[in-house]
Amino acid sequence: MAQNTGAPKLNFEYWLDKAVEWGQATTSESQKDVCLHLPQLQEFLNQTYETLKHMDSIVAIQQFPLIGQLLGRLCWNPFVIGYDESQKTLMWCLCCLYSCEPQNPVELKANSWIRSLLCHLLSSSKWESNEAETSTFISSLGYTSADYYCHLVKNMVFLLVTELRGNQFNGLNIQGRVSASRVNAVSLFCLPLITLPDLTPLLETLLLYHGGASKEVLSSEFLEAVNEAFLKKKISLPKSAVFSLWLRHLPSLEKATLYLLDQLLSIQWSSLEEVATVIKDSLL
């Protein structure tokens, strides 16, 4: 369990017991108890994320077998996700558990479950207050829950990409009408979702976006996170987007260079052709 893995503060058993006790916080007693424990819960979630972000998703699930049950219950507690910081950290933790290259049906099912939780956290509608009504609503659209959530993410990405790219009317580019603060907000919104495959078009659009502002409009946290995910091959981006990332954020270029040098020095290569392939794949 978490206590035996070098991370004694990650007391999953305690918080899972609490999450079960709270349920969906339908009584005044459970609501008061959630509010009382929110600061400690947020600290726990932050520590969990800091641990997970350095781990492979499969290893994380094996090392912390209770994490899925805990995150799932917390995501459906309105008093927990009503606190913005908790909602954001829950999304970050879920993305750390997402398998970029699922190898079996279990990992595929886990990815689908994670997508549904992320979309539940992202979406805010009157149907969300009642799970039965949500199910009825989704069914009336002719979708299964998994299909609905998948379409929700894709539609959200499509709308944001359309907004950022602007429209062309008689050769007039109105891209500049999107405010710098709006672009910055979209980049921050992407932070917990960067490794989701459906988000790739939005990442590319943001990296290639130039609205005429004198200062960088994308958040440095976003640029660093995209670079980190690219270097660790958690995402795939076209060359143009990667080059734009490095040109607009030199610390990312420096990190990519150091990452390549570390690769070249720490691994014994069998041939010069293999070294050449690694250098070519790095795009440097």
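Our structure's up above, just so we're on the same page.
Here the structure is a predicted model, which means the values were calculated and not measured.

(A) Quick peek at the overall build of the chain. Secondary structure assignment for the chain yields 15 helices and two strands. Of all intrachain contacts in the chain linking residues separated by at least 6 positions in sequence, the fraction that spans at least 24 positions is 64%. Surface exposure of the chain reaches about 15,800 Å², of which carbon and sulfur atoms provide 57%.

(B) Looking closely at the layout of surface pockets. One number sums up the size of the largest pocket: a volume of about 1,100 Å³. Breaking the lining of the largest pocket down by element, the ones donating at least two residues are helix H2 (28-52), helix H3 (57-63), helix H6 (84-96) and helix H12 (220-231). The element contributing the most residues to the lining of the largest pocket is H12, with five residues. Within the lining of the largest pocket, the residues separate by chemical class into 18 nonpolar, six polar and 10 charged. There are two domains that each give the lining of the largest pocket at least three residues, and those are domain 1 (12-124) and domain 2 (146-167 + 177-250).

(C) Region of interest: the nonpolar core. Counting residues in hydrophobic clusters, the biggest one holds 70 residues, and the most contacted among them are Leu-202 and Phe-222. For this core, the leading source of residues is H2, giving seven residues. When residues are assigned to domains, this core turns out to be shared by domain 1 (12-124) and domain 2 (146-167 + 177-250), each giving three or more. If near-sequence neighbours (up to four positions away) are discounted, Phe-222 is found in contact with Ser-187, Cys-190, Leu-191, Ile-194, Leu-203, Leu-206 and Leu-207.

(D) Seen up close, the packing of H2 against helix H4 (residues 67-75). In contact at an axis separation of 13 Å, H2 and H4 are set at 135 degrees when each is read in the N-to-C sense. Judged by the angle between their axes, H2 and H4 are oblique. As H2 packs across H4, the resulting crossing turns out to be left-handed. Contact residues: Leu-41, Phe-44, Leu-45, Thr-48 and Leu-52 in H2; Ile-67, Leu-70, Leu-71 and Leu-74 in H4. Counted by class, the contact of H2 with H4 contains eight nonpolar, one polar and no charged residues.

(E) Structural detail: helix H1 (residues 12-22). Considered for burial, the residues of H1 that qualify are Phe-12, Trp-15, Leu-16, Lys-18, Ala-19 and Trp-22. The buried residues of H1 occupy one face: seen down the axis, they fall within an arc of 160 degrees. Opposite its buried face, H1 presents the exposed residues Asp-17 and Glu-21, each directed more than 90 degrees away. Buried residues along H1 sit against H2, H4 and helix H5 (78-81). At the C-terminal side of H1, Gly-23 shows a positive phi close to 60 degrees.

(F) Representation of the environment of Met-55. With respect to the helices and strands, Met-55 occurs in the loop between H2 and H3. With relative accessibility at 14%, the residue Met-55 sits in the buried group. Expressed as a C-alpha distance, the spacing of Met-55 and Leu-97, which sit 42 residues apart in the sequence, is 9.0 Å. Apart from residues lying up to four places away in sequence, Met-55 is in contact with Ala-60, Gln-63 and Phe-64.

(G) Spotlight on the packing of helix H11 (residues 200-207) against H12. Interhelical geometry of H11 versus H12 gives an angle of 125 degrees and a closest axis separation of 12 Å. Put simply, H11 runs oblique to H12. In this structure, the crossing between H11 and H12 has a hand that is left-handed. Each of Leu-203, Leu-206 and Leu-207 in H11 lies in contact with H12, whose residues at this interface are Phe-222, Leu-223 and Val-226.

Conventions used here
- Residues numbered from 1 in each chain as written.
- Predicted model: local features only at pLDDT ≥ 70, side-chain atom pairs only at ≥ 80, totals over all residues.
- Heavy atoms only, no water.
- Helix = DSSP H or I, 4+ residues; strand = E, 2+ residues; numbered from the N terminus.
- Contact = heavy atoms within 4.5 Å.
- Areas by Shrake-Rupley, 256 points an atom, 1.4 Å probe, with all protein chains shown as cover.
- 1 Å grid on protein atoms, 1.4 Å probe; cavity = no way out; pocket = protein on both sides within 12 Å on 5 of 7 lines; lining within 4 Å.
- Points joined across faces, edges and corners; volume = space filled by probe spheres on them.
- Nonpolar A, V, L, I, M, F, W, Y, C, P; charged D, E, K, R; others polar.
- Domains from an automatic or database assignment.
- Core = buried A, V, L, I, M, F, W, Y, C linked by side-chain atoms within 4.5 Å.
- Buried < 20%, exposed > 50% of the residue type's maximum accessible area, 1.4 Å probe, protein only.
- Axes fitted to C-alpha atoms, helices over the stretch in contact; angles between N-to-C directions.
- Parallel < 35°, antiparallel > 145°, perpendicular 65-115°, else oblique.
- Left-handed = near helix turned anticlockwise from the far one by under 90°.
- Arc of directions from axis to C-beta.

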